[in-house]
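Spelled out, the chains give:
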Amino acid sequence: MAILKKDENGFHTGNTPHEWNIEELRAGHKKMFEYRYEKKPIERGFAGRTLYINLSTGEIREKEVTEDMKKKFTGGRGFGLKLLWDGIKPTTRWNSEENIIAVTTGPICGVTQYPGTGKSICLTVSPSTDMIIDSNVGGFFGPYLKFAGFDALEIQGKASEDVVVFIDGVEGKIVVETAPKEEVDTHLLAEQLIRMYAEDDSEHARQKVSTLTAGRGAEHSYWGILNSSFYDIRRKVARVKQAGRGGLGTVFRDKKLKGMVVRVEKITGVDNNPADPDKLAELGIKMHKEIRDLDRHQCNMRVVGTSHLVEIMNDYDLLPTENYRFGSHPKAPKISSKKMYEYFTQIIPDGCWYGCTMACAKTVDGFELRTGPYKGQKVTVDGPEYETLGCAANMSIWEPWWVLEFNFYCDTYGLDTISTGTAIAFYMEMYEYGILNKERCDGLELCFGNAEAVMELLHRIARGDKGEFVQVAAKGVRRVKDWLKEKGWGDPQLIEDAGMESKGLEFSEYVTKESLAMQGGYGLTLKGPQHDEAWLIFMDMVNNAIPTFEDKAEALHYFPMWRTWFGLNGLCKLPWNDIEPADNAETDEPAKVPEHVQNYVELQKAVTGWDVTKEDLILQSERAYNWQRAMNVWMGRGTRKDDWIPYRSMGPLTELEYESRQERYDRQLVEKLGYTKEQVEAMSIPERIKVLYDYRRNEYEKLADAVYYRRGWTPNGIPTPQKMRALGFGDEKEMLEMLQRKIEEDEKAGLNRWGGKYGPGEKPPTDVPRYWEQW
């Protein structure tokens, strides 16, 4: 049977795998380009080459991975940065023809002996931020890409019509072919492509195919994601994990990519050809036992995944509710891990790569949809993760079934739940103040808690609705801020301070008002406010382990570097610190989980044969981190002004917020700012807010000074040529000269000065050296 069932909006409905005629779909394909390559074994974690495909010209070629490239960039995200530097321009934007989507692996990616080794990193120029975005993703696509013969894939150019890229690791060929009849939404398309490109109809053949897809929503928003599939042989369904941040799926669909498919011949467990397989097995056994014995007493990830964070964040006043105005809510238990446990399928292990005993990729099976084009159909929902549950809290929606509905449609439409939820929470607050209203929202009543309106907005975005609000809302918080101010609706400063974005990227789901270090962890970043760079709330706010600016700066150096390392190697971060050795609290630096750090030193040695120390791992990350920051500078971003964050993330913005925690804020005025209790009581609430506003903004500026100094950057946040040379980039003349020019421009503009205002007894980190003269 052909796929003919469509609703009035062009959505296919009622389609199930047994209704698909795969041969008819295949018959609609037209081969555009083909390339043959020699199959070669992986050596010590590296395939030794990357794959380049230009959809405009049809050029397909291999690029060698040199020893110099490994030394400077390690792998994974580092390789992606190198490929983008070589292939784009400083003026490249998300929809430029020369923009690149890079999918990269890493030397440890694909190991099956140690948990959390199936990650790949996707990079592009983001529609949200106009600079480099990187996002990690599980599923099988990354490991299979390597085992098909490539350490990284870069796609440049644009096709003239929808295409599928097929990387065949069995036959050793690359095929780009048109795909006019397949679905776009992921839950259907992934199934179709897996069945189409599997060697036969068996479940095991399907297990050797993985896809990368987006969805219809990615075509019409800046929140597009990439879904990496893994065929679940127990459920007999294609499941997906997401490269969620920054609009990767938007770029994917702009290039007319409907899907990418990779097929491998076999998975043996030693396909990486590690230098020391016995050591690798030893490390894995040790870690598997630790997870088996301790997880149930710690985070319980194997049972409830990351949903356990809901109750923890709520207890510590860190769960965002009503657009981050508050950090807890009495209804939070309705979406806690205890409640989600009732929905998650518990019989079947839920790892998203072979050998991961963490098994945190929780799933709800047989969920019946209540809205949209697939209403009434029963589907498998991958998740929800904590971040998606946090989005529901942020919109003040407390029904578990609704979270699952939202989760499913965001995934299949190709929309980032974090950006979508954070943005809509902002729109809801603007609606509450009358800055937005039903007429201005194209007939939608976007008040807090209106679950029906949120789902309707989601479906309208996926349909490409032409309403003015839907069009601009789908581009995110930054664009809506600008739109509201252009319209003259509302107080411009309130709009700026309440919209939770930085650099154009929406915040992930943590309240940071009482943690200056976490404010820095969101603002003093490469791509925007995403918690994968530094998660320091407990270390800073709860344990008070980093009380001084120097302490905070050191944490904002070490932890972003350490977390960057996982993306260089193809690893998930969760087995690092979401499970801890029983005696970890007794170590000198428990926040670093030193025993696990040493595990990773030994893991990289065992795979690559490199003689490395824990300091070498940080150095690997520093190279990639500083290179990415320098690339942002090259593209006109990546300076102090771009590292600013909205005041809502720093402190109480409205009287309602202040009054909800008045005892806390009044006490801070006394203890931190030196007011007497009588002076505080004599001030109005708006006056108290203003005093805290000025104080906290200045504290953030002083933190930025300390962090830039620790990282070896100028007061305007630019890596110095000396820093880059010390990291091993002395022969990268173009990069060094660009940085020198920018620093000289900053000096002329008066930007090479520390940003904080320092009182008696305080001083900036040091006098500002004249970096270009030293160089």
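Chains are numbered independently. Their residues run from 1 in the order of the written sequence. Local features in this predicted model are restricted to residues of pLDDT 70 or higher, and side-chain atom pairs are both shown and tallied only at a pLDDT of 80 or more, whereas totals for entire chains, interfaces and linings draw on every residue. Side-chain measures were taken over the full set of non-hydrogen atoms in the model, leaving aside hydrogen atoms and water.

1. Here we look at the sheet that holds strand S3 (residues 60-64)
Note on sheets: strands pair through backbone hydrogen bonds, and any given pair is parallel or antiparallel. Using the following cut-off: The criterion for strand pairing is that DSSP finds at least two bridges linking the strands in question. Secondary structure elements follow DSSP: runs of H or I of four or more residues count as helices, runs of E of two or more count as strands, with numbering from the N terminus. Between N-to-C directions, angles span 0 to 180 degrees; the directions come from axes that are lines fitted to C-alpha atoms, helices contributing only their stretch in contact.
Spatially, the six strands line up as an open sheet ordered S3-S2-S7-S4-S5-S6, and their pairing is mixed. Two strands bound the open sheet, and with one partner strand each, they are S3 and strand S6 (132-137). Along the sheet, successive strands turn relative to each other by an average axial angle of 20°, direction set aside.

2. Description of the pattern of salt bridges
The criterion, for reference: Salt bridges are defined as contacts in which a side-chain nitrogen from Lys or Arg sits within 4 Å of a carboxyl oxygen from Asp or Glu. A 1.4 Å probe rolled over the protein chains alone gives each residue an accessible area, and that area as a share of the maximum for its type sets the label: buried under 20%, exposed over 50%, partly exposed in between.
This structure, assessed with the given rule, holds 73 salt bridges. In this structure, the salt-bridge partner of Lys362 is Asp350, at a minimum N-O distance of 3.3 Å. Note that Lys362 is positioned in the loop between helix H11 (337-341) and strand S14 (363-368) and Asp350 in the loop between H11 and S14, a separation of twelve residues in sequence. For Lys362, a relative accessible area of 5% corresponds to the buried category.

3. Quick notes on the confidence of the model for the chain
Short version of the rule: Every residue is assigned a pLDDT by the predictor, reflecting its confidence on a scale from 0 to 100. Throughout, a residue-residue contact means that at least one pair of heavy atoms, one from each residue, lies within 4.5 Å.
Across the chain, the average pLDDT comes to 94, with 96% of residues at or above 70. Overall, residues 1-6 carries pLDDT values under 50, and its contacts beyond four positions in sequence, including any with other chains, amount to 19 contacts. Contacts from residues 770-775, a stretch scored under 50 in pLDDT, to residues over four places away or in other chains number 20 contacts.

4. Quick notes on the environment of Gly106
Here Gly106 lies in the loop between strand S4 (100-104) and strand S5 (120-125). Between the C-alpha atoms of Gly106 and Gly76, which are 30 residues apart in sequence, the distance is 4.2 Å. Look past the residues within four positions of Gly106 in its chain and what remains in contact with it is Gly45, Gly75, Gly76, Lys146, Leu568, Asn569 and Gly570.

5. Notes on helix H24 (residues 614-634)
Given 3.6 residues per helical turn, the α-helix brings residues three or four places apart onto the same face. To be explicit about the condition: Helices are assigned an expected span. That span is 1.5 Å times one less than the residue count.
With 21 residues, H24 extends 31 Å between its outermost C-alpha atoms, agreeing within 8% with the 30 Å of an ideal straight helix rising 1.5 Å per residue. Most of H24 is tucked away, with 17 of its 21 residues classed as buried. Downstream of H24 by a residue or two, Gly636 has a phi angle that is positive, lying close to 90°.

6. Overview of the nonpolar core
Put simply, the rule is: For the purposes of this section, nonpolar cores are sets of buried Ala, Val, Leu, Ile, Met, Phe, Trp, Tyr and Cys residues that join through side-chain atoms within 4.5 Å.
Ranked by size, the top nonpolar core spans 162 residues in total, and within it Met395, Trp402, Tyr427, Leu446, Leu484, Trp562 and Tyr600 carry the most contacts. The element contributing the most residues to this core is helix H28 (residues 685-711), with eleven residues. If sequence neighbours within four positions are ignored, Tyr427 has contacts with Trp223, Leu436, Leu446, Phe469, Ala473, Gly476, Val477 and Val480. Ala47, Trp94, Ile133 and Leu212 belong to the second largest nonpolar core, which has 47 residues in total.

7. So, the packing of aromatic side chains
Defined as follows: Aromatic rings from Phe, Tyr and Trp, taking only the six-membered ring of Trp, are treated as a pair when their centres fall within 6.5 Å; an angle between ring planes under 30 degrees marks them as stacked, one over 60 as edge-to-face, and anything in between as tilted.
Scanning the entire structure with this criterion turns up 47 aromatic pairs. Summarising the aromatic geometry, the rings of Phe507 and Tyr522 are spaced 4.9 Å apart at their centres and angled 65° between planes, so their arrangement reads as edge-to-face. Taken together, the residues span a long stretch of sequence, with Phe507 in the loop between strand S17 (505-506) and helix H19 (516-523) and Tyr522 in helix H19 at a distance of 15 residues. On the accessibility criterion, Phe507 (0% relative accessible area) is buried.

8. Overview of the side chain of Ser336
So the rule is basically this: Pairing of N or O atoms within 3.5 Å defines a polar contact, subject to two protein rules: one partner must be a possible hydrogen donor and the other a possible acceptor, and residues neighboring in sequence count only if both atoms are side-chain atoms.
Here Ser336 is to be found in the loop between helix H10 (309-315) and H11. In terms of polar contacts, Ser336 uses its side chain to reach the backbone carbonyl oxygen of Pro333, at 2.9 Å. Sequence-distant contacts of Ser336, that is, excluding residues within four places in its chain, are made with Val310 and Glu311.

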